[in-house]
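# Reading the structure
One-letter residues, chain by chain:
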Amino acid sequence: MSRDPHTFAESTLPFLLDEAEPVPLPSGTTPSYIADHRKRLRLRFTEGGAAAMPDYEMLELVLFRAIPRRDVKPLARALMDRFGDFNRVLTAPAERLRDVPGVGEAVITELKIVEASAHRMARARVLEQNVVSSWDALLDYCHTTMAHRETEQFRVLYLDRKNVVIADEEQARGTVDHVPVYPREVAKRALELNASALILVHNHPSGDPTPSQGDIAMTDQINAACQALGLTLHDHLIIGKSRELSFRSEGYL
């Protein structure tokens, strides 16, 4: 049976497989241009790092493991065309990734492993750290985990008396322009954790971090609940695609 040269076939090969030496197809050997291309990309990454590579080539490196015996450049280009950039490909929901021809469970798994790794590394720089001395790391973490999401997410960072982050918890997920938040639940959780202060964070999928009237009203309600319980609301950050807005800096708190 003939095979479309542009069809991508996934494999159940072990994760430890070194794809610098692609596995031969049952009908013959892997074309040398594929092996050579993969070696060249790996060498450029090793010698020059990620800064030396455009987004679609970084994506190819990730796809190598999921599809070890095919040219993955067309798939990398298709994903970039669909979602816009490397970050948005990694953070795209699985159901939307499946809509791209050639994407199956192996590809989705590899993308989500990279996404989870980035989140975990950024989170490690924030947890159990003083937010005053690690504010830039906090902003990096918020952008890494939230800036490219397609729906709104609301998170709360709970702090102790020394302003050290003791918990980072997702409170709710919503739609493209709304997320339900319950001030009593936020304050109640702070008491359960024996927190002294908190920072609110949510994203705007539109990319514009300008607060809505609903954002302002919700923040005022949470602030009132915190004051009644002797808690401090340090800030509310709204994360856009390329910048964030601080309620404290803008005078809303």
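It should be noted that the structure appears before, not after, this text.
All figures in this text were calculated on a predicted structure; none of them were measured in a lab. (Residues numbered from 1 in each chain as written. Predicted model: local features only at pLDDT ≥ 70, side-chain atom pairs only at ≥ 80, totals over all residues. Heavy atoms only, no water.)

This part takes up the packing of aromatic side chains. A full pass over the atoms with the stated rule returns one aromatic pair. Residues Phe247 and Tyr252 carry aromatic rings whose centres are separated by 5.0 Å and whose planes lie at 45° to one another, so their mutual orientation is tilted. Phe247 sits in the buried class, given a relative accessible area of 0%. Assessed through its relative accessible area of 36%, Tyr252 is described here as partly exposed. One residue, Arg77, lies across the ring of Tyr56, its end atom 3.7 Å from the ring centre. (Phe/Tyr/Trp six-rings, centres within 6.5 Å; stacked < 30°, edge-to-face > 60°. Buried < 20%, exposed > 50% of the residue type's maximum accessible area, 1.4 Å probe, protein only. Lys NZ or Arg CZ within 6 Å of the ring centre and 35° of its normal.)

Let us now look at the pattern of salt bridges. Enumeration over the complete set of coordinates arrives at nine salt bridges. The partner of Glu105 in a salt bridge is Arg98, and the shortest N-O contact between them spans 2.8 Å. For Glu105, a relative accessible area of 45% puts it in the partly exposed group. Residue Asp168 is joined to Arg155 by a salt bridge in which the shortest nitrogen-to-oxygen separation is 3.1 Å. Of the two residues, Asp168 is situated in strand S2 (residues 165–173) and Arg155 in strand S1 (residues 153–159); the sequence distance between them amounts to 13 residues. You can call Arg155 buried: its relative accessible area is 12%. (Salt bridge = Lys/Arg side-chain N within 4 Å of Asp/Glu carboxyl O. Helix = DSSP H or I, 4+ residues; strand = E, 2+ residues; numbered from the N terminus.)

Taken N-terminus to C-terminus, the directions of helix H2 (residues 55–66) and helix H3 (residues 73–83) make an angle of 125°; their axes are 9 Å apart at the nearest point. In terms of orientation, H2 lies oblique with respect to H3. In this structure, H2 crosses over H3, and the sense of that crossing is right-handed. Contact with H2, carried on its side by Asp55, Tyr56, Leu59, Glu60 and Leu63, involves Lys73, Leu75, Ala76, Arg77, Leu79 and Met80 of H3 and no other residues of that element. Looking at the contact of H2 with H3 residue by residue, the class counts come to seven nonpolar, no polar and four charged. (Axes fitted to C-alpha atoms, helices over the stretch in contact; angles between N-to-C directions. Parallel < 35°, antiparallel > 145°, perpendicular 65-115°, else oblique. Left-handed = near helix turned anticlockwise from the far one by under 90°. Contact = heavy atoms within 4.5 Å. Nonpolar A, V, L, I, M, F, W, Y, C, P; charged D, E, K, R; others polar.)

Now for the nonpolar core. Leu59 and Leu79 are the most contacted members of the largest nonpolar core, which totals 27 residues. Elements with a contribution of two residues or more to this core: H2, H3, helix H4 (86–91) and helix H6 (105–124). With eight residues, H2 is the largest single contributor of residues to this core. Discounting residues that sit within four places of it in the chain, Leu79 has contacts with Leu59, Leu63, Gly84, Val89, Leu97, Val100 and Val103. (Core = buried A, V, L, I, M, F, W, Y, C linked by side-chain atoms within 4.5 Å.)

Attention now goes to the environment of Phe83. Topologically, Phe83 is positioned in helix H3. When the C-alpha positions of Phe83 and Leu97 are compared, they lie 9.2 Å apart, and in sequence the two are 14 residues distant. Setting aside residues no more than four positions away along its own chain, Phe83 makes contact with Arg88, Val89, Ala92, Arg96, Leu97 and Val100.

Attention now moves to the packing of H2 against H6. Interhelical geometry of H2 versus H6 gives an angle of 130° and a closest axis separation of 8 Å. Judged by the angle between their axes, H2 and H6 are oblique. In this structure, H2 meets H6 at a crossing whose hand is right-handed. Here Leu59, Val62, Leu63, Arg65 and Ala66 of H2 come into contact with H6, specifically with Ala106, Val107, Glu110, Leu111 and Val114.

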